[in-house]
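This is what each chain is made of:
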2 protein chains.
Amino acid sequence: MAQKIKLSTIAETLGVSTATVSLALRDSPLVASVTRDKIKDQARALGYIYNRRAASLRTSRSGIIGVVVHDIMNPFYGEILKAIEAELDRDRQTFILSNHYDSVEKQRVFIETLLQLGGDGVIMSPAIGTPPEDIKLAEDNGMPAILVARSIEGVDVPIFRGDDAYGISLATNHLISLGHRCIAMVGGTDLTSTGRDRYLGYVQALRKANIDVDPDLRIPGPRSMQGGFEAAVHLLSLPQKPTAVVCWNDLVAIGMMNGIARAGLVPGRDVSVTGYDDLEEAAIATPALTTVWNGQSDVGRSAARALLDRLNGSHEPDGIHLIKPEMRIRQSTGPLRLQQGD
Amino acid sequence: MAQKIKLSTIAETLGVSTATVSLALRDSPLVASVTRDKIKDQARALGYIYNRRAASLRTSRSGIIGVVVHDIMNPFYGEILKAIEAELDRDRQTFILSNHYDSVEKQRVFIETLLQLGGDGVIMSPAIGTPPEDIKLAEDNGMPAILVARSIEGVDVPIFRGDDAYGISLATNHLISLGHRCIAMVGGTDLTSTGRDRYLGYVQALRKANIDVDPDLRIPGPRSMQGGFEAAVHLLSLPQKPTAVVCWNDLVAIGMMNGIARAGLVPGRDVSVTGYDDLEEAAIATPALTTVWNGQSDVGRSAARALLDRLNGSHEPDGIHLIKPEMRIRQSTGPLRLQQGD
DNA sequence: AGAGGGTTTAAGAGCGCTTTCAGGCATTGC
DNA sequence: GCAATGCCTGAAAGCGCTCTTAAACCCTCT
């Protein structure tokens, strides 16, 4: 690299002031279009690189937005991220992505880093146990926060997520309507709002159908294919095997179906399985997975939009924005078969 | 937010100069430890946020490293990213992640943004058709680049990737040793170095075993489960059905197995399938997938290490660093069965 | 021709931090 | 007891950009 090209370099070679160059590059109407074009051509010719650190030091607007979720490799968050990315791209915002893996510590480091970089805002799916102070840390330093997918108590920032209780009740009711009475629930934890809401939806649906809730049929925890696979092994070893399983998400459901298949049973015939999220994988699983679409793309898009609006002054009303999930019925669920039937 | 706390705020409240505060926070030996502790306590008490933009404007080191790959949601890149993340975290570097979706344009925008932010370096898996100038753009502006997973012609920056030709030959030879002669290859394109190398490995393995290469048995393109699923439908409709399939990656292989199962055949018995990458999913697929471990974590870790070393002055030798893949034999491959056998 | 109006450009003061260099103060050696 | 030796601290310049204020310029109109 020959030498750093800066505004003043362009100004000198053209015999104008740096102010004019700055204005011209920013398309200010204060600069004549002839001058502006001349300046832009010269900038290109010299290979000028705009220095955002210097600019944002002055303007205190960095164009950086942070996004932090549990795990960006989890397809559920992946679909939210894609929607956020698309929305932010349209506004030419740079976004910084990070996993917190449910470590409050890692999440706080991320927020602090973002503040140091002068981030304009942050979209987060908070780690389990996130203290409200960590959100306030961002807000107090002029960095608005928006939550997605999970709520936390004691903060009043906008939240976008699916209506979990309703969504899981859709799945549970579907199984009940197929004649199932012994329905397990696999995955989720009481440590997140999502976990609590989904379990609630499951319990309420059972109660409404006058089915007793058997605590042995709840296996909290699993979130991955691996987890679903292991849960299958466990459930199929119970004296009273469930005939249907409501899974935390599609990954768990696919793992569950694999586990059922390994045991020599046929998912969808011997044991019905529902997923949650309606990932791309769901439709091509074997058998195709009955699941609940959770509005990931809506969540991502709306959250990004809300943040951008907020940055532009129009203060979006705070509070929870629930997206209504929808049922996707495929082949992994079927009518109850009698014990020794076939 | 009450008011911006800066170095000078701390300095004033303590009656020392800003220089002392700066030095103290940076743990300079020039400041007495008593003073240093007092300053640090005060900084914490006031809720001071270090302004990296201002600092990096002065030091021209930002602590930001860019990482751009085809698609962060693709588990193959995901495992590379995890390794990079772990390595960069140890050096307290912030990293900015992006997808390019094989758009050279999007990739260039990313590089430019990174330059504007003063990025210290960039790790990239270049988009198909990346012109060498785009890499030079980074290097010429003092931002070292490291390539992962894919090579491109005409640049001499360090490259870390698996030995694709060798890896695919492992899979192909494995199938040949099981008696298969009619072996399809699904996925990959001649547009990437990886695609060319893997096809080459496949062809060479067949030739060495005196098996004719049938162009109809190559289906370029698929990369996803969906793609593998569709390829299965196509292959099983051929007059001369293949008895084994070498797949581009594990996702394609899993999709392929789903497609085979949908057709009423048993993967691993009726049609053998190999994957590539050895993702977590491979081991729990049904049947468990025979695949080739491609050293993703090694690639990520080494690439990050190389970049950090380079930033610290020790100039890593350029050139290609090949990681040796390894075979993982599971249940999705089995001996050739005679046409009407069983 | 001069004034008034509109348009275009220049000047300059920071944004918050780093870092060198010189000077102040206390301690030690003779 | 006095000079020398460390150890700390403060002053100040400047990283590259923005943006307001004010001045310069060029018309047009009277």
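Each value, and the rule that gives it
Each residue is numbered by its place in its chain's sequence as written, counting from 1. All chains are assigned letters beginning at A, and all ligands numbers beginning at 1, according to the order in which they are written. Local features in this predicted model are restricted to residues whose pLDDT is 70 or higher, and side-chain atom pairs enter the listing and the counts only when it is 80 or higher, whereas totals over whole chains, interfaces and linings include all residues. Each side-chain value is derived from all of the structure's non-hydrogen atoms; neither hydrogens nor water enter the calculation. When at least one non-hydrogen atom of a residue lies within 4 Å of a molecule or strand, that residue is treated as near it. Two N or O atoms count as a polar contact when they lie within 3.5 Å, although within protein this holds only if one can serve as hydrogen donor and the other as acceptor, and sequence-adjacent residues are included solely when both atoms are side-chain atoms. Put simply, DSSP marks the helices as runs of H or I at least four residues long and the strands as runs of E at least two long, and each gets a number from the N terminus on. In the scheme used here, Gly and all other residues not listed as nonpolar or charged are polar, with Ala, Val, Leu, Ile, Met, Phe, Trp, Tyr, Cys and Pro taken as nonpolar and Asp, Glu, Lys and Arg as charged. Note on definitions: a residue-residue contact is assigned when non-hydrogen atoms from the two residues lie within 4.5 Å. Two parts placed together each lose some accessible area under a 1.4 Å probe, and the buried area is that loss summed for both. Salt bridge criterion: a side-chain nitrogen from Lys or Arg within 4 Å of a carboxyl oxygen from Asp or Glu. Multiplying 1.5 Å by the residue count of a helix minus one yields the expected span of that helix. Exposure is judged per residue with a 1.4 Å probe applied to protein chains only, and the accessible area is read against the type maximum: over 50% gives exposed, under 20% gives buried, and values in between give partly exposed. In this document the domain limits rely on a domain assignment from an automatic tool or a database. For this overlay, a least-squares fit was computed on C-alpha atoms, restricted to residues scoring pLDDT of at least 70 in both copies. Residues grouped as a nonpolar core are buried Ala, Val, Leu, Ile, Met, Phe, Trp, Tyr and Cys residues, joined through side-chain atoms within 4.5 Å. Between any two strands, pairing holds if DSSP finds at least two bridges. Fitted lines through C-alpha atoms serve as axes, helices being fitted only where they are in contact, and the angles separating the N-to-C directions of these axes extend from 0 to 180 degrees. Each helix crossing is assigned a hand: it is left-handed if the near helix lies turned anticlockwise from the far helix by less than a right angle, otherwise right-handed if that turn is clockwise. Roughly parallel covers angles under 35 degrees, roughly antiparallel covers those over 145, roughly perpendicular covers 65 to 115, and oblique covers all other angles.

> What exactly am I supposed to notice about the protein's contact with DNA strand C here?
In the region of DNA strand C, 23 residues are neighbours, and Arg58 of chain A together with Leu7, Ser22, Tyr48 and Arg58 of chain B sit closest. Restricting attention to atoms of DNA strand C within 4 Å of the protein, one finds that 63% of them are sugar or phosphate atoms. In the model, a phosphate oxygen of DNA strand C is placed 2.9 Å from a nitrogen or oxygen of the Ser17 of chain A main chain. Separating a phosphate oxygen of DNA strand C from a side-chain N or O atom of Lys6 of chain B is a distance of 2.9 Å. Elements with a minimum of two residues in the surface near DNA strand C: helix H2 (18-25) and helix H4 (52-59) of chain A together with helix H2 (18-25) and helix H4 (52-59) of chain B. It is H4 of chain B that provides the largest number of residues to the surface near DNA strand C, a total of four residues. Within the surface near DNA strand C, the residues separate by chemical class into 13 nonpolar, six polar and four charged.

> Help me understand the interface of chain A and chain B in this model?
At the junction of the two partners, chain A supplies 48 residues and chain B supplies 48 residues. Of the roughly 4400 Å² buried at the junction of chain A and chain B (both faces included), carbon and sulfur atoms supply 58%. Linking chain A with chain B are six salt bridges, by the criterion used here. Between Lys106 of chain A and Glu85 of chain B there is a salt bridge; the shortest N-O distance is 3.2 Å. Taken together, the links from chain A to chain B amount to 18 residue pairs in polar contact (both at pLDDT 80 or more).

> It is not clear to me how helix H6 (residues 104-116) of chain A should be interpreted in this structure. Could you clarify?
Since the α-helix advances by 3.6 residues per turn, residues separated by three or four positions end up pointing in the same direction. Here H6 of chain A spans 18 Å end to end across 13 residues, near enough to the 18 Å set by a 1.5 Å rise per residue. Within H6 of chain A the residues assigned to the buried category are Val104, Gln107, Phe110, Ile111, Thr113, Leu114 and Leu115 of chain A. As for H6 of chain A, its buried residues are in contact with strand S1 (64-69), strand S2 (94-99), strand S3 (121-124) and helix H7 (132-140) of chain A together with H4 and strand S2 (94-99) of chain B.

> Is there a simple way to think about the side chain of Thr189 of chain A in this case?
All names here are of chain A. Turning to its location among the elements, Thr189 is positioned in the loop between strand S6 (183-186) and helix H9 (193-208). Given a relative accessible area of 18%, Thr189 falls into the buried group. Looking at Thr189, its side chain comes within polar contact range of the main-chain nitrogen of Leu191, at 2.7 Å.

> I'm lost on the pattern of salt bridges in this one. Help?
Once their charged atoms are close, side chains differing in charge can pair, the charge on each being opposite to the other. On inspection of all chains with the given rule, the structure shows 50 salt bridges over all chains. Across the salt bridge formed by Asp298 of chain A and Arg301 of chain A, the nearest N and O atoms sit 3.1 Å from each other. Pair noted here: Asp298 of chain A and Arg301 of chain A are both in helix H13 (residues 296-311), with a separation of three residues, about one helical turn. Residue Asp298 of chain A is classed as partly exposed on the basis of its relative accessible area of 25%. The shortest N-O distance in the salt bridge between Arg328 of chain B and Glu326 of chain B comes to 3.2 Å. Since its relative accessible area comes to 26%, Arg328 of chain B is described here as partly exposed.

> Which parts of the structure should I look at to understand the domain arrangement of chain A?
Many analyses report the size of an interface as the accessible area lost when the parts associate. With domains assigned, chain A is organised as domain 1 (7-50), domain 2 (61-162 + 296-324) and domain 3 (164-294). For domain 1 of chain A versus domain 2 of chain A, the separation of C-alpha centres amounts to 36 Å.

> Can you walk me through the protein's contact with DNA strand D in this structure?
For DNA strand D, the set of nearby residues contains 23 residues, the closest of which are Leu7, Ser22, Tyr48 and Arg58 of chain A together with Arg58 of chain B. For DNA strand D, the fraction of protein-proximal atoms (within 4 Å) that sit in sugar or phosphate groups is 69%. Side-chain polar atom of Thr35 of chain B to a phosphate oxygen of DNA strand D: 2.9 Å apart, as the coordinates give it. Looking at the surface near DNA strand D, the elements that each hand over two or more residues are H2 and H4 of chain A together with H2 and H4 of chain B.

> Honestly, the relation of the copies chain A and chain B in this entry has me stumped. Any pointers?
Superposing the two chain copies requires a rotation about an axis and a translation along that axis. Here chain A sits on chain B after a turn of 180° about the axis and a move of 0.1 Å along it, with an RMSD of 0.1 Å. Given the turn and translation reported, the copies of this chain are related as if by a two-fold rotation axis. Mapped onto chain B, 100% of the interface residues of chain A are again interface residues, and the two copies thus contact each other with one and the same surface.

> Explain the nonpolar core to me, please; I cannot follow it from the model alone.
Core analysis: the biggest nonpolar cluster contains 50 residues, and Leu97 and Ile123 of chain A together with Leu97 and Ile123 of chain B have the highest contact counts within it. Excluding its chain neighbours within four sequence positions, the residues that come into contact with Leu97 of chain B are Ile72, Phe95 and Leu97 of chain A together with Val67, Ile72, Leu81 and Phe110 of chain B. Of all hydrophobic cores here, the second largest spans 43 residues; its members include Ala184, Leu206, Met256 and Val271 of chain B.

> Looking at this structure, I do not really get the sheet that holds strand S6 (residues 183-186) of chain B. What am I missing?
Sheet strands line up and pair through hydrogen bonds in the backbone, either parallel or antiparallel. Residues and elements named next belong to chain B. The strand order S7-S6-S8-S9 describes an open sheet built from four strands, whose pairing is parallel. A strand with exactly one partner marks an edge of an open sheet, and here the two such strands are strand S7 (218-219) and strand S9 (272-274). In this structure, strand S8 (residues 244-247) lies alongside S9, joined through three bridges in parallel fashion. Pairing of Ala244 across the sheet is with Ser272, part of S9.

> Mind showing me how you'd approach the packing of helix H5 (residues 75-90) of chain B against helix H13 (residues 296-311) of chain B here?
Between two packed helices, what matters for the description is the angle formed by their axes and the separation of those axes. All names here are of chain B. Two elements in contact, H5 and H13, have axes separated by 7 Å at closest approach and are oriented at 35°. The handedness of the crossing between H5 and H13 is right-handed. Listed contacts from H13 to Phe76, Glu79, Ile80, Ala83, Ile84, Glu87, Leu88 and Arg90 of H5 are Gln296, Ser297, Val299, Gly300, Arg301, Ala304, Arg305 and Leu308. Its residues assigned to classes, the contact of H5 with H13 comprises eight nonpolar, three polar and five charged.

> What is the right way to read the packing of helix H10 (residues 225-235) of chain A against helix H11 (residues 250-262) of chain A from this model?
Residues and elements named next belong to chain A. Running from N to C, H10 and H11 point in directions that differ by 45°, and their axes come no closer than 6 Å. Judged by the angle between their axes, H10 and H11 are oblique. At the point where H10 passes H11, the crossing takes the right-handed sense. Here Met225, Gly228, Phe229, Ala231, Ala232 and Leu235 of H10 lie close against H11, whose contacting residues are Leu251, Val252, Ile254, Gly255, Met256, Asn258, Gly259, Ile260 and Arg262.

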